[in-house]
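In case you want the letters, here they are:
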Amino acid sequence: VQLQASGGGLVQPGGSLRLSCAASGRIYSINQMGWFRQAPGKQRELVAMTTNHGTINYAEPVKGRFTISRDNAKNAVYLQMNSLQPEDTAVYYCNADIASNWENWSTYWGQGTQVTVSS
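What you see is a predicted model; the values in this text were computed from it and never measured. (Residues numbered from 1 in each chain as written. Predicted model: local features only at pLDDT ≥ 70, side-chain atom pairs only at ≥ 80, totals over all residues. Heavy atoms only, no water.)

Asker: Tell me about the sheet that holds strand β8 (residues 76–81), residues and numbers included.
Answerer: Judged by pairing direction, the sheet is antiparallel, and its 4 strands sit side by side in the order β1-β3-β8-β7 without closing on themselves. Every other strand in the sheet has two partners, leaving β1 (2–6) and β7 (66–71) as the edge strands with one partner each. Recorded for the sheet is a direction-independent mean angle of 15° between the axes of neighbouring strands. In the sheet, β1 pairs with strand β3 (residues 17–24) via 5 bridges, with the strands oriented antiparallel. Directly across from Leu3, in β3, lies its bridge partner Ala23. (Pairing = 2+ DSSP bridges. Helix = DSSP H or I, 4+ residues; strand = E, 2+ residues; numbered from the N terminus. Axes fitted to C-alpha atoms, helices over the stretch in contact; angles between N-to-C directions.)

Written out as structure tokens, the structure reads:
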């Protein structure tokens, strides 16, 4: 199983970016999918998470600016980021809990995509 993330880049303050992440490989079921980020010198932190039942959680700093969505048919999760600020600069990682069969669950991470917010 692999998670492939894309969509990062350089954007000016106030701008927008959309991150995408797709899971591939031997997939029986996916529970939660989401995004974390890690800024230089800081610990990795949760940005947003969604479960296969539709529950969504956002970190306080991104509420009202970021929107997470999911396409179960494509095994994909997206993060629409609006009103980006310099403090959003970080490497963004997608994350998913995936079962390869009815009893074996594991947590997977994407390779990370850089988001830089700067004028």
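Asker: Mind laying out the pattern of salt bridges, listing which residues take part and the relevant values?
Answerer: This structure, assessed with the given rule, holds 4 salt bridges. With a closest N to O distance of 2.8 Å, Glu45 and Arg37 form a salt bridge. With a shortest N-O distance of 2.8 Å, Lys63 and Glu60 are connected by a salt bridge. A relative accessible area of 45% means that Lys63 is categorised as partly exposed. Look at Glu60 and you get exposed, because its relative accessible area is 59%. Through salt bridges with shared partners, one network takes in Arg37, Glu45, Arg65 and Asp88. (Salt bridge = Lys/Arg side-chain N within 4 Å of Asp/Glu carboxyl O. Buried < 20%, exposed > 50% of the residue type's maximum accessible area, 1.4 Å probe, protein only.)

Asker: Give me the packing of aromatic side chains: which residues, what numbers.
Answerer: Under the definition given, this model contains 2 aromatic pairs. Centroid distance Tyr93 to Trp109: 6.5 Å. Interplanar angle 85°. Geometry classified as edge-to-face. On the criterion of sequence distance, the pair formed by Tyr93 in strand β9 (residues 90–99) and Trp109 in strand β10 (residues 105–109) is long-range, its members being 16 residues apart. Its relative accessible area of 15% is what places Tyr93 among the buried residues. Residue Trp109 is classed as partly exposed on the basis of its relative accessible area of 37%. Through pairs of rings, three or more aromatic residues link up here, namely Phe36, Tyr93 and Trp109. We note Arg44 situated over the ring of Trp109; from NZ or CZ to the ring centre the distance is 4.6 Å. (Phe/Tyr/Trp six-rings, centres within 6.5 Å; stacked < 30°, edge-to-face > 60°. Lys NZ or Arg CZ within 6 Å of the ring centre and 35° of its normal.)

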